[in-house]
Amino acid sequence: MATVTSYGAAKVVTGSCHLLAIEHGPRILIDCGMFQGREEDRNDGAFGFDASEIDYVLITHAHLDHVGRVPKLVKEGFNGSIYATAATRDIAEIILLDSAKIMKEDFETNFKKAQRRGKEQEVRAPLYAEEDVEAAFDLEWHHPEYDVSFEMAQGIKVTYRDAGHILGAAFIEITYEEHGVEQTIVFSGDIGNDNNMVMTNLAKCTHANYLYVESTYGDRNHKDTDASITEFKRVIIDTLHNWGNVLIPSFAVERTQEILCILKEMHDRQELPQCKVFLDSPMATRATEVYNNYSDLLSQQCQAYKERDGSVFNFENLVFTPDVEGSRAINEVDSRAIIIAGSGMCTGGRIIHHFKNRLWNPKNAVIFVGYQAVGTLGRHIVDGARWVKIFHEDILIKANIHTINGFSAHADQDAIIKWISQMEDLYRVYLVHGEEDKQVILRSVIENALHKKAHIVEPEEVIYLG
Ligand SMILES: [Zn+2]
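Position numbers for residues count from 1 along each chain, tracking the sequence in the order it is written. The predicted nature of this model means local features are confined to residues of pLDDT at least 70 and side-chain atom pairs, given and counted, to a pLDDT of 80 or more, with totals for whole chains, interfaces and linings taken over all residues. Calculated side-chain values reflect all of the structure's heavy atoms, with hydrogen atoms and water omitted.

**Digging into the overall build of the chain**
Moving on, step 1. Runs of E in the DSSP output that reach at least two residues are strands. Runs of H or I that reach at least four are helices, and both are numbered from the N terminus. Looking only at helices and strands, the chain features 13 helices and 22 strands.
Moving on, step 2. Considered along the principal axes of its C-alpha atoms, the chain spans approximately 70 × 60 × 40 Å.
Moving on, step 3. Each residue gets one of three labels from its accessible area relative to the maximum for its type: buried under 20%, exposed over 50%, partly exposed in between, using a 1.4 Å probe on protein chains only. Counting only residues that meet the buried cut, the chain has 57% of its 466 residues in that class.
Moving on, step 4. Long-range pairs, those at least 24 residues apart, make up 74% of the contacts in the chain between residues at least 6 apart in sequence.
Moving on, step 5. Throughout, the Shrake-Rupley method with a 1.4 Å probe supplies accessible areas, and for residues the shown protein chains are the sole cover considered. On the chain, roughly 20,200 Å² of surface is accessible, and the fraction owed to carbon and sulfur atoms is 46%.
Moving on, step 6. Of note, the chain has its 46 positive side-chain charges centred 8 Å away from the centre of its 70 negative side-chain charges. Here a residue-residue contact requires only that any non-hydrogen atoms of the pair lie within 4.5 Å. Just so you know, the count uses Lys and Arg for positive and Asp and Glu for negative, and it drops His and the chain ends. Here the site of a charge means atom NZ of a Lys, CZ of an Arg, CG of an Asp or CD of a Glu.

Here's what the structure looks like:
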């Protein structure tokens, strides 16, 4: 009998890693993501299985919590093939190299600090280095296209379908035969929110016997996206009219492109006051290039922009500043600048420099457009801090702080339920990639509204299919 064991994203959001073992068949890993936030220490631990015995890795999408431990897997002996859409591969390369760089820098900083206390042996070594990322990309990669089924191994048919989450993201359908009966199991990865300006909508899934579904926002429905966009535009217009600047801490992949798209639309409709828009992030600049390269996978609006302007995101006010000189030159701009920079939760990156230079000014505004985890500088500011310490200097916050919550790359409860309701022959739903309190709520909605059995997967619990 086939089994699935979840070695990550069981009762937590991060560390996605599910092992599908088909009887007398291959061992297939669906995602190999990093644990993040409070769970971070778990990355150092053993996988819970032998990496060298995995035959295939199927990647749903390029977020670090779905792809971040692939270099570790390779380091520990995985030598099989990797399947991911071509766009996912390109984004994953940017994300994994950046992650190796950050881990190296963190290690060097912590090592120096510990050395002063004679405790350098206590410093955690980086999970992997740039060479390990390169080794992962030297393996055999296959790039499935959406909705094109292929036989991955004898009797095992795989189909990637558009998850509408970030560029290249897919949910994966796997069909295999056991004792003469065909079974289909679907892994959702992360599924997106409809009506995103940049992404296409989540594709339908019409047939599944077993479903592993994410439940990040299984307990709630999102605020209306249109209302959030209106609020966002209002802050931009008011701040620029008042000769202030707008700082937007943003994640390099997806949220940045969404923000650029809104600003471009404002410019198109002549709603954007005279200003300069700086994308001050080398990583977000590279990610934006990849989005532009795969514009045929983006929304109708993005495709129309590409057709008209030759580029999805460029417009006359937009300036990319990937190098340090360009970034420093932004400091000379007194007013009417919109500065988009990482990191998204302000734990590092160029946004910190801009905070230092501009948080004291009551004419300026900061717009938080993404989730801020507990313990980050971003969260501290969102929670109303009056003073922050930046580069050993105390800064009084006088800028206007705005949090706009309506942007989300994840489906909400209604969207998850609607997606599941379209699946025929569904025997059981397994909830992963979510916190337990939210999963309990989603489970009861699935059971009561859809009359389907739903189960919250425990870490390393072996689920027998059939
Ligand atoms: Zn994701």
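**Side note on a positive patch on the surface**
Moving on, step 1. Within this analysis, patches are made of residues with over 30% relative accessible area and no salt bridge. Like charges are joined at 9 Å or less; nonpolar side chains (Val, Leu, Ile, Met, Phe, Trp, Tyr) at 5 Å or less. The term salt bridge refers to a side-chain nitrogen of Lys or Arg lying within 4 Å of a carboxyl oxygen of Asp or Glu. Together, Lys112, Lys113, Arg116, Arg117 and Lys119 line one region of the surface with positive charge.
Moving on, step 2. For Lys112, the location among the structural elements is in helix H3 (residues 86–116).

**Examining the coordination of the zinc ion**
In a perfect tetrahedron of four donors around a metal, the angles come out at 109.5 degrees. In a perfect octahedron of six, they are 90 or 180 degrees.
Moving on, step 1. Around the zinc ion, the protein contributes the donor atoms His61 (NE2), His63 (ND1), His165 (NE2) and Asp190 (OD), at 2.2 Å from the metal centre.
Moving on, step 2. With water omitted from the atoms examined, metal sites may look incomplete; donors here are N, O and S atoms no farther than 2.8 Å from the metal, or 3.2 Å in the case of Na, K and Ca. Key to geometry: four donors with every angle between 85 and 135 degrees are tetrahedral; four donors are square planar and six octahedral where opposite donors lie over 155 degrees apart and all remaining angles lie between 65 and 115; all other sites are irregular. Taken together, the four donor atoms coordinating the zinc ion span angles of 92 to 160 degrees at the metal, a pattern that classifies the geometry as irregular.

**Description of the sheet that holds strand S20 (residues 428–432)**
Within a beta sheet, neighbouring strands are joined by backbone hydrogen bonds and run either parallel or antiparallel to one another.
Moving on, step 1. Pairing in this open sheet of seven strands is mixed, and the strands run S7-S8-S9-S10-S11-S20-S21 from one edge to the other. The sheet is open, and its two edges are formed by strand S7 (150–153) and strand S21 (453–456), each paired on a single side. Here the strands of the sheet are splayed against their neighbours by 25 degrees on average, with no regard to which way each runs.
Moving on, step 2. Pairing between S7 and strand S8 (residues 156–162): three bridges, direction antiparallel. Bridge pairing links Ala153 to Ile156 in S8.
Moving on, step 3. Only the stretch in contact is used when fitting a helix axis, every axis being a line fitted to C-alpha atoms; angles between N-to-C directions are given from 0 to 180 degrees. In the packing of helix H12 (residues 413–421) onto the sheet, the strands contacted are strand S9 (170–178), strand S10 (181–187), strand S11 (210–214) and S20, and the crossing angle to S11 comes to about 165 degrees.
Moving on, step 4. Where helix H13 (residues 436–449) meets the sheet, its contacts fall on S11, S20 and S21, and the angle it forms with S21 comes to roughly 170 degrees. Pairing between strands is defined by DSSP: at least two bridges between the two strands are required.

**Overview of the packing of aromatic side chains**
Moving on, step 1. Each pair of aromatic rings taken from Phe, Tyr and Trp, with Trp reduced to its six-membered ring, is defined by centres within 6.5 Å and is described as stacked if the planes are under 30 degrees apart, edge-to-face if over 60, and tilted in the remaining cases. Counted by the stated rule, this structure contains 12 aromatic pairs.
Moving on, step 2. Members of the aromatic cluster, connected to one another through ring pairs, are Tyr7, Phe47 and Phe49.
Moving on, step 3. Note on geometry: a ring has a charge over it if NZ (lysine) or CZ (arginine) is within 6 Å of the ring centre and within 35 degrees of the ring normal. Above the ring of Phe47, the side-chain terminus of Lys72 is found at 5.3 Å from the ring centroid.

**Remarks on the nonpolar core**
Moving on, step 1. Put simply, a nonpolar core is a bunch of buried Ala, Val, Leu, Ile, Met, Phe, Trp, Tyr and Cys residues held in one set by side-chain atoms that sit within 4.5 Å of each other. Counting residues in hydrophobic clusters, the biggest one holds 106 residues, and the most contacted among them are Phe232, Ile236, Leu263, Ile338 and Trp419.
Moving on, step 2. The element best represented in this core is H3, accounting for eight residues.
Moving on, step 3. Formed by 30 residues, the second largest nonpolar core is a distinct cluster that contains Ile30, Ile172, Phe187 and Tyr212.

**Examining a nonpolar patch on the surface**
Moving on, step 1. A surface patch of nonpolar side chains, amounting to about 310 Å² of accessible area, comprises Met1, Val462 and Tyr464.
Moving on, step 2. By the secondary structure assignment, Val462 is in strand S22 (residues 462–464).
Moving on, step 3. Accessibility expressed as a relative area gives 40% for Val462, which makes it partly exposed.

**Focus: the layout of surface pockets**
Moving on, step 1. Grid points spaced at 1 Å and placed over the protein atoms alone form the basis of the search, with a cavity being a set where a 1.4 Å probe fits but cannot get out and a pocket an open set showing protein on both sides within 12 Å along at least five of seven lines. Lining residues have an atom within 4 Å of a point. Grid points are joined across faces, edges and corners, and a volume is the space filled by probe spheres set on the points. A volume near 350 Å³ is recorded for the second largest pocket.
Moving on, step 2. Forming the boundary of the second largest pocket are 17 residues, of which Asn193, Asp194, Asn195, Ala415 and Lys418 lie nearest the centre.
Moving on, step 3. Secondary-structure elements contributing two or more residues to the lining of the second largest pocket are helix H5 (225–241) and H12.
Moving on, step 4. Just so you know the grouping, Ala, Val, Leu, Ile, Met, Phe, Trp, Tyr, Cys and Pro go in nonpolar, Asp, Glu, Lys and Arg go in charged, and all remaining residues, Gly too, go in polar. In terms of residue class, the lining of the second largest pocket is built from four nonpolar, six polar and seven charged.

**Topic: the packing of helix H6 (residues 255–268) against helix H7 (residues 282–293)**
Moving on, step 1. Between H6 and H7, whose axes approach to 9 Å, the crossing angle comes to 75 degrees. It follows that H6 is roughly perpendicular to H7 by the angle criterion. Mapping the contact onto sequence places Thr256, Gln257 and Leu260 in H6 and Ala284, Ala287, Thr288 and Tyr291 in H7.
Moving on, step 2. Classifying every residue of the contact of H6 with H7 by side-chain character gives four nonpolar, three polar and no charged. Reported orientations rely on four angle classes, namely roughly parallel under 35 degrees, roughly antiparallel over 145, roughly perpendicular from 65 to 115, and oblique for the rest.

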